[in-house]
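Inside the fold
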Amino acid sequence: MSFHLHKFPLLSKSAVLEQLIEESSDQEECIIKLNDIPGGAKSFEMVARFCYGVKIELSSANVVHLRCASEHLQMTEEISDDNLIAQTEMFLNQVVLRNWKDSLKALETCDDLLPHAEDLHIVKRCIESLASKATTDPNLFGWPIREHGIMQSPGGSVLWNGISTGARPRNFSSDWWYDDVSSLSFPMYKRLLSGMESRRIRPEIIAGSLAYYARKYIPGLSRRNSMGAMPLAGTLSDVEQRNLLEEIDRLLPLQKGLVPTKLLLGLLQTSMILKTSSTCIANLEKRVGMQLDQASLEDLLLPNYSYTMETLYNVECMHRIVEHFLAMDQANGGCSPCIDDMMASPSMIPITAVAKLLDGYLAEVAPDVNLKPPKFQALASALPEYARPLDDGLYRAIDVYLKAHSWLSETEREQLCRLMDCQKLSLEACTHAAQNERLPLRVVVQVLFFEQLQLRTSIAGCLLVSDNLEGSSRPLRSGGIAMSGEAGGWTAAVRENQVLKVGMDNMRMRLAELEKECSDMRQEIEKLGRGGKGGSGGGGGWASHVPRRFSLKMKPQMCSTQEGSVSEQQKSMSAKLDKLQAKLSKQKRQLSADA
C-alpha cells in the first residue's frame, strides 16, 4: 500500500524515518519502502495519523500494534516530547494490564506481532496480569475491573456510567475464566496455563480449563459428551485436532479424579478416530484405568476403529485399562483375599465396582461372533477371584457367550465355565444353571451339588434359630443385650423382649405338658400297684411306696427292688417316671432362674 505523505511530520516523530528521508533526499521523489514494520500497512496508517497530529483513540485492540510499530520506527522522547512509545507504554501499564478483558484482548493481538511483542515483554506482562487475576477471587480486586460486560467499583457494586448503583454483582466460581481464555490460540493458551501453574493454581482448575478447551475445538468430543451447549469455534482440520489432542494429553495433570471419566473415555475414543500417537493413546488408557471404578458401562463400549481387528468393540483396549486399574490398586495397597471380612473394607469398594462393570461389559460384547474364546477368557480372568463376591454376573456373560457361539466343543465350554466358581453362585443362579442345557454336564453336576449344600446350610440355619428360640432363652437374652449395647437403639431392645417373651411362653407350655404327663403316669402306676397288691399276697405292695400327693419339689423313692412280685411293666413305668420327674425339675429350675 502506498502513502503520499509530507516529509516533515514524519521525520519530526521518528528517527528511522528521518534517516531514510535524508538518505533519499537527493532524489526528485522520496520513496521509502517499509517492508518489515510490525502490523503492516494498518499499523503504519495509525502511526502516520499520529505524526500529523491526529488524535488516536488507543484501545486494547490497537495498542500492541502501535507499541511495536513505534519501537521499530524509534519514536522516542529524544525525537519529540510525549511521543508514541511513551503514550502506548503508559496506556498498557495503566489501563490494559489492570483489566482482565483488555489484557486478554491485547494478548490475542500478540499472535500477529511476534517476535516484536515478545522482545518488548508485552506477552509476558499480559500473561502475568491474566494469571494473577485468574488465581484471585474477582470480588476481591482492589480496582475497577470490567468483568463480562459489567463495570465494578472497588467495593464490588455495579457501575453505570461511572456511578455506583448499589447493586451487588453475582458471585464468581473458580471456572469463570474458562470461556474467556479459550479464545486464545493454543500456544498463547499454553503459556498462560504455565504462568498459572507457577502461581500454584490448583491442578483440578487447570484440568477443567483444558477439558473446556478440548470440548470447544474438537467437535467429535463435544458431540459425544453432552455436557451442555458449547460455543461454536473455528473448524480445525484433522491434523490440527490430532496435534491439539496430543498437546492436551501432555498438559493434563496425571492425577486421579481431576477429569471426569466420561470425558477421558471421549478423549480416548477421539484419539483412536484421529489416529494419534501410541503414546497419547497409552496415556489416556492409563488415565481411564486410574479411575475405572467411576466409569459407566455405556462409555466403556468403545468401537473398534482398526482394520486389523475383527471384533466389534475394542476388547484389547478394555483389557489394558483393567490392567492399569489393577496396577494402581496394588500400588495404593489394595485388599488381598487374606483379609477377614474383606467385603466390609472400604478399599474393596473400587475393585468390586470394577468387577461389576467388567461382568456387564463381557455380557455386552459376548454376542459378537468374532470374539474368540481366548480373548473372552483373558478379559474375564483379568481380575482376581476376591474381586467378585458373587459370580452371577460372570455366569450371565458366559451364558450369553455360549448362546452366541453354539459351535464350541465340549472342551471349550468347560474351559469357559472354569472362569466362574460354582460355590459363589446365588441360589437363583444355581437354579437357572441346573436347567441350562448350554452348560457342560460336569458343570451342571457341580452346580447341583453346591445347590444342595446351600439348601442344607439354609435349613440347618433355620433349625438352629428355631432351637435357640425354643430352648435357649439365656443366650438369646445375653446376645440381645450385647447387640443393644452396640447399636444403642430402641428397636433392638423391643426385639429382645419379644424373643424372651416367646421363649418363656414356650417354656411354660412344655412345663405344663410335663406336669400333665407325670400326673397321668402316677395314676397309671397307682392302678398297677393296686392290682399287684391283690394278687401277690405279699402284703404292702409296690404301690404303697408311691406317695399319694405328687409334689414337684419331692423326688419319689422307688423301692421296686424290695418287691419280688412287681412286673416288668411296672419297672419300665417307674424308670420313665424318674426321667420325666428329673426333666421336669430341670425345666422348672431354669424357668425360675429366667423369671
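Residues numbered from 1 in each chain as written. Predicted model: local features only at pLDDT ≥ 70, side-chain atom pairs only at ≥ 80, totals over all residues. Heavy atoms only, no water.

1. Focus on the overall build of the chain
When helices and strands are counted, the chain shows 26 helices and four strands. Per-residue burial for the chain yields a buried fraction of 42% across its 595 residues. Within the chain, counting contacts between residues at least 6 apart in sequence, those at least 24 apart form 69% of the total. A total of about 33,000 Å² of accessible surface is found on the chain, and carbon and sulfur atoms cover 53% of it. (Helix = DSSP H or I, 4+ residues; strand = E, 2+ residues; numbered from the N terminus. Buried < 20%, exposed > 50% of the residue type's maximum accessible area, 1.4 Å probe, protein only. Contact = heavy atoms within 4.5 Å. Areas by Shrake-Rupley, 256 points an atom, 1.4 Å probe, with all protein chains shown as cover.)

2. Description of the side chain of Asp-249
Positionally, Asp-249 belongs in helix H13 (residues 238-251). With residues near it in sequence (within four places) discarded, Asp-249 still touches Cys-280, Asn-283, Leu-284 and Arg-287.

3. Remarks on a nonpolar patch on the surface
A cluster of nonpolar side chains, Leu-5, Tyr-52 and Val-54, forms an exposed patch at the surface whose accessible area comes to about 220 Å². Within the secondary structure layout, Leu-5 lies in the segment before helix H1 (7-11). (Patch = residues over 30% accessible without salt bridge, like charges linked within 9 Å, V, L, I, M, F, W, Y side chains within 5 Å. Salt bridge = Lys/Arg side-chain N within 4 Å of Asp/Glu carboxyl O.)

4. A short note on empty space enclosed by the protein
Going through the model one piece at a time under the given rule, you end up with four cavities of 30 Å³ or more. For the largest cavity, the calculated volume is near 60 Å³. As for the largest cavity, its lining consists of Pro-253, Leu-254, Gln-255, Lys-256, Leu-258, Val-259, Leu-264, Arg-287, Met-290 and Gln-291. Class assignment of the residues belonging to the lining of the largest cavity gives a composition of six nonpolar, two polar and two charged. (1 Å grid on protein atoms, 1.4 Å probe; cavity = no way out; pocket = protein on both sides within 12 Å on 5 of 7 lines; lining within 4 Å. Points joined across faces, edges and corners; volume = space filled by probe spheres on them. Nonpolar A, V, L, I, M, F, W, Y, C, P; charged D, E, K, R; others polar.)

5. Description of helix H3 (residues 40-51)
Taking 1.5 Å per residue, twelve residues should reach 16 Å; H3 reaches 17 Å between its end C-alpha atoms and fits that length. Ser-43, Phe-44, Met-46, Val-47, Ala-48, Phe-50 and Cys-51 are the residues of H3 that are buried. Contacts from the buried residues of H3 go to H1, helix H4 (63-72) and helix H5 (84-96). Count one or two residues on from H3 and you reach Gly-53, which has phi positive near 90°. (Expected span 1.5 Å × (residues − 1).)

6. Considerations on the pattern of salt bridges
Per the stated rule, a full pass over the model turns up 18 salt bridges. When the shortest N-O distance is used, the salt bridge between Arg-438 and Asp-399 registers 2.9 Å. Placement of Arg-438 in the loop between helix H22 (427-434) and helix H23 (441-471) and of Asp-399 in helix H20 (residues 392-404) is noted, with a sequence separation of 39 residues between them. Ionic contacts of the salt-bridge type, sharing partners, join the residues Arg-67, Glu-71, Glu-89 and Arg-125 into one network.

7. Section: the layout of surface pockets
Here the largest pocket is characterised by a volume of approximately 650 Å³. Forming the walls of the largest pocket are 21 residues, and the residues nearest its centre are Phe-3, His-4, Cys-30, Ile-31 and Ile-32. Counting residues per element, the lining of the largest pocket draws most heavily on H3, at three residues. Considered class by class, the residues forming the lining of the largest pocket number 13 nonpolar, five polar and three charged. Counted as a void, the second largest pocket has a volume near 390 Å³. Together, 21 residues line the second largest pocket, and Cys-417, Arg-418, Leu-419, Met-420 and Asp-421 are the ones closest to its centre. Looking at the lining of the second largest pocket, the elements that each hand over two or more residues are helix H21 (410-417) and H23. Ranked by residues supplied to the lining of the second largest pocket, first place goes to H23 with four residues. Of the residues assigned to the lining of the second largest pocket, the class counts are ten nonpolar, three polar and eight charged.

8. Some remarks on the side chain of Lys-424
With respect to the helices and strands, Lys-424 occurs in the loop between H21 and H22. Of the residues examined, Lys-424 reaches a relative accessible area of 19% and is grouped as buried. Here the side chain of Lys-424 touches Glu-385 through a polar contact of 2.8 Å, landing on its backbone oxygen. In contact with Lys-424, not counting residues within four places along its chain, are Glu-385, Arg-388, Pro-389, Leu-390, Asp-391 and Asp-392. (Polar contact = N/O pair within 3.5 Å; in protein donor to acceptor, adjacent residues only side chain to side chain.)

9. A look at the state of the cysteines
All chains considered together, the criterion is met by zero disulfides. The thiol of Cys-422 is not disulfide-bonded; the next cysteine sulfur, from Cys-430, is found 7.3 Å away. (Disulfide = S-S within 2.5 Å.)

10. Overview of the packing of helix H6 (residues 100-109) against helix H8 (residues 122-134)
Two packed helices can be described by the angle between their axes and the distance between those axes. It is at 9 Å that the axes of H6 and H8 come closest, and there the two elements cross at 145°. Between H6 and H8 the crossing geometry is left-handed. Residue-level contacts link Trp-100, Ser-103, Leu-104, Ala-106 and Leu-107 of H6 to Val-123, Cys-126, Ile-127, Ser-129, Leu-130, Lys-133 and Ala-134 of H8. Its residues assigned to classes, the contact of H6 with H8 comprises nine nonpolar, two polar and one charged. (Axes fitted to C-alpha atoms, helices over the stretch in contact; angles between N-to-C directions. Left-handed = near helix turned anticlockwise from the far one by under 90°.)

11. With respect to the packing of aromatic side chains
Applying the stated criterion across every chain, the model contains nine aromatic pairs. Relative to Tyr-178, the ring of Trp-177 has its centre 5.0 Å away and its plane inclined at 90°; by these criteria the two rings are edge-to-face. A centroid spacing of 4.3 Å and a plane angle of 15° characterise the contact between Tyr-189 and Tyr-213, whose relative ring orientation is stacked. Note that Tyr-189 is positioned in helix H10 (residues 186-198) and Tyr-213 in helix H11 (residues 203-217), a separation of 24 residues in sequence. Pair check on accessibility: Tyr-189 and Tyr-213 agree, each one buried. (Phe/Tyr/Trp six-rings, centres within 6.5 Å; stacked < 30°, edge-to-face > 60°.)

12. Overview of the nonpolar core
Val-64, Ile-122, Trp-177, Met-196 and Phe-376 are the most contacted members of the largest nonpolar core, which totals 132 residues. Per-element tally for this core: the top contributor is helix H18 (residues 348-365), with ten residues. Setting aside chain neighbours within four positions, we find Met-196 in contact with Ala-131, Ala-134, Trp-177, Ile-201 and Ile-206. (Core = buried A, V, L, I, M, F, W, Y, C linked by side-chain atoms within 4.5 Å.)

13. A short note on helix H19 (residues 373-380)
Among the residues of H19, Pro-373, Phe-376, Gln-377, Leu-379 and Ala-380 are the ones counted as buried. Seen along its axis, H19 keeps its buried residues to an arc of 165°; they face one direction. Buried residues along H19 sit in contact with helix H17 (315-331), H18, H20 and H21. (Arc of directions from axis to C-beta.)

14. A few points about unusual backbone geometry
Cis peptide bonds are those with omega within 30 degrees of zero, and the linkage from Leu-114 to Pro-115 qualifies with 5°. Structurally, the position occupied by Pro-115 is in the loop between H6 and helix H7 (116-119). Even without being a glycine, Asp-82 presents a positive backbone phi close to 50°. Residue placement: Asp-82 occurs in the loop between H4 and H5. Residue Asp-82 is classed as partly exposed on the basis of its relative accessible area of 49%. Positive phi values are uncommon outside glycine, yet Arg-200 reaches one of about 60°. Along the chain, Arg-200 falls in the loop between H10 and H11.

15. As for the environment of Leu-221
With respect to the element layout, Leu-221 can be found in helix H12 (residues 219-224). Assessed through its relative accessible area of 0%, Leu-221 is described here as buried. C-alpha separation for the pair Leu-221 and Ser-271, spaced 50 residues apart in sequence, amounts to 9.7 Å. Apart from residues no more than four positions distant in its own chain, Leu-221 is found in contact with Ala-214, Arg-215, Leu-263, Gly-266, Leu-267 and Thr-270.

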